[in-house]
Amino acid sequence: MLPQFQLAVDVPRGGVLFALPALLAVGLLEGAEGLPLPPGYYGIDSLLMLIAFMALARLESVESLRTCAPGEWGKLLGLDRIPEVRTLREKIQLLSQGDQAEKWSADLCRRWMEAAPTEAGILYVDAHVRVYYGEQTKLPRHYLARQRLCQRATADYWVNAIDGQPFFRVTQAVDPGLIKVLEGEILPRLERDIPGQPSAEVLAAEPLRHRFTLVFDREGYSPELFKRLKVRRIACLSYRKYPGDDWSAEEFVDGTVELRSGERVRMPLAERGTLLGGVLWVREIRKLCDSGRQVALISTDYQSGIGLLAATLFARWSQENFFKYAREHFALDRLADYQTEQIPDTARVVSPARRTLDGQVRSLTSKLSRRLAEFGALNLNETIDPVKVDAFVAKKSRRPRRDRTSAGRTEDPEGTTQSDPLSSRHQGLAGRKPISPAEHPQQATARHAQDDCLSRGNGHGQYPGTLSRAPGRGSQLATRDLHDRSRFAPRR
């Protein structure tokens, strides 16, 4: 049915009509005719406008329409009434079938980039974690910085403009991490869709020229990734891990930096060339804070000014603000539906048995570190006499036998050393295994960055064993030296 608007008085939520020109300007109805919706009373334009008006009215779900007058909402769309909740759910399910909705969204993103080529030249990439509280599937656990907890969740990788406006997102059922998602799915799309990229002739004539710039946090820190991006003529901007010693205060020069909001602030900055990871020379820029702390950032953009790079990275909070605003007002964390999907058998997830052993290894390693600290703190601070030396030797050599188990070796009460079954099981398990659809019908277990580093590191299985031998040698040396009382005899 074609919309027909009539004069009306006191229409609830009529203020959303002021946003109608903006919705049309961003292309809400462009290309919508290709969406899979059979002919009916409610056309595709009316449905899209209804969903957009619901978002503007802060209605978080379709279920919220049950408390709204359908006739009053119909006046906003030029209809006698809006569809009931069940009908609207069926229409949305039809629109979600196939890949037509994804193609329509990709066309919108391409038009947005073409309309703002400057904003599309610098893009922020970050992951947003959506917590899942249901029980239909065992989702992987992700660390939520805003809650400081590890909870079952999914990861959505968003690509935003420099002002925080979103372009598109990539949802990962099995989260392989930012680096793999960036190279596997985001970069091919950006290289194809970003307008105004320099031609191959221009790139060949200007060795320092880049196509566009990607800005991300420390999750994407990898010298090898930076090198691969440079080969593809893509600049990157991020914080530096392990910056090392502070630079001299004389290197910092006060300057006026214009932020993305247009505000001008004073910012002491310094710059050096740094060989990152022994594979790539990058620009390292540091900002000197009022507290004396130095914030280090790195970039492979060799042409932009130092102030522009600093302002660009510090404006990354615009993307974080977008996440916060969308969570509070547009139900960003809400599930679209409760359906599950089968994960391909080719996907690999972290072995649950390996994760359990990782926790045990870390627990024993921390206990061993505390015992080593206690062992090293024992000193003989009194006068040298046989009685006190004997008491010190007994205290120094009094250490638990079976309790002092590490992931590598144990000592029995007789003092002999044997291999630890925990270490054997830990080394025998693979870090990742093929996914089991029965265990994860929708999502698969992803690896937290810290756990992945600990489990796959070369020295993870051997490190506790190396430490467990140290107290034995140290105790033997202390016992041997202190029993030789002639070494502590008073000198005359």
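Keep in mind the model is a prediction, meaning the values are calculated, not measured. (Residues numbered from 1 in each chain as written. Predicted model: local features only at pLDDT ≥ 70, side-chain atom pairs only at ≥ 80, totals over all residues. Heavy atoms only, no water.)

1. Remarks on the overall build of the chain
Looking only at helices and strands, the chain has 16 helices and 14 strands in total. Out of the 492 residues in the chain, the part that is buried amounts to 41%. A separation of at least 24 residues holds for 62% of the contacts in the chain among residues at least 6 apart in sequence. Total accessible area computed for the chain in this model is approximately 27,700 Å², and 52% of it derives from carbon and sulfur atoms. (Helix = DSSP H or I, 4+ residues; strand = E, 2+ residues; numbered from the N terminus. Buried < 20%, exposed > 50% of the residue type's maximum accessible area, 1.4 Å probe, protein only. Contact = heavy atoms within 4.5 Å. Areas by Shrake-Rupley, 256 points an atom, 1.4 Å probe, with all protein chains shown as cover.)

2. Let's talk about helix α2 (residues 44-56)
In a regular helix each residue adds 1.5 Å, so 13 residues correspond to 18 Å; α2 covers 18 Å between its end C-alpha atoms and thus fits that length. Every buried residue belonging to α2 is among Ile44, Ser46, Leu47, Leu48, Met49, Leu50, Ala52, Phe53 and Met54, and all of these are buried. Check the buried side of α2 and you find it contacts α1 (20-25), α3 (70-77), α4 (85-96) and α5 (100-115). The first or second residue beyond α2 is arginine 58, which carries a positive phi of 65°. (Expected span 1.5 Å × (residues − 1).)

3. Observations regarding α5
An ideal rise of 1.5 Å per residue puts 22 Å on 16 residues; α5 measures up with 23 Å between its terminal C-alpha atoms. For α5, every residue scored as buried is listed here: Trp104, Ala106, Leu108, Cys109 and Met113.

4. Some remarks on the nonpolar core
Judged by nonpolar contacts, the single largest core of 32 residues is most densely connected at Phe168, Ile186, Leu190 and Leu214. When residues of this core are traced back to their parent elements, those giving at least two are α5, β1 (122-131), β3 (149-160), β4 (166-172), α7 (178-193), α9 (223-231) and β9 (280-288). Excluding residues that lie within four positions of it along the chain, leucine 190 makes contacts with Met113, Leu123, Val159, Phe168, Gln197, Phe212 and Leu214. (Core = buried A, V, L, I, M, F, W, Y, C linked by side-chain atoms within 4.5 Å.)

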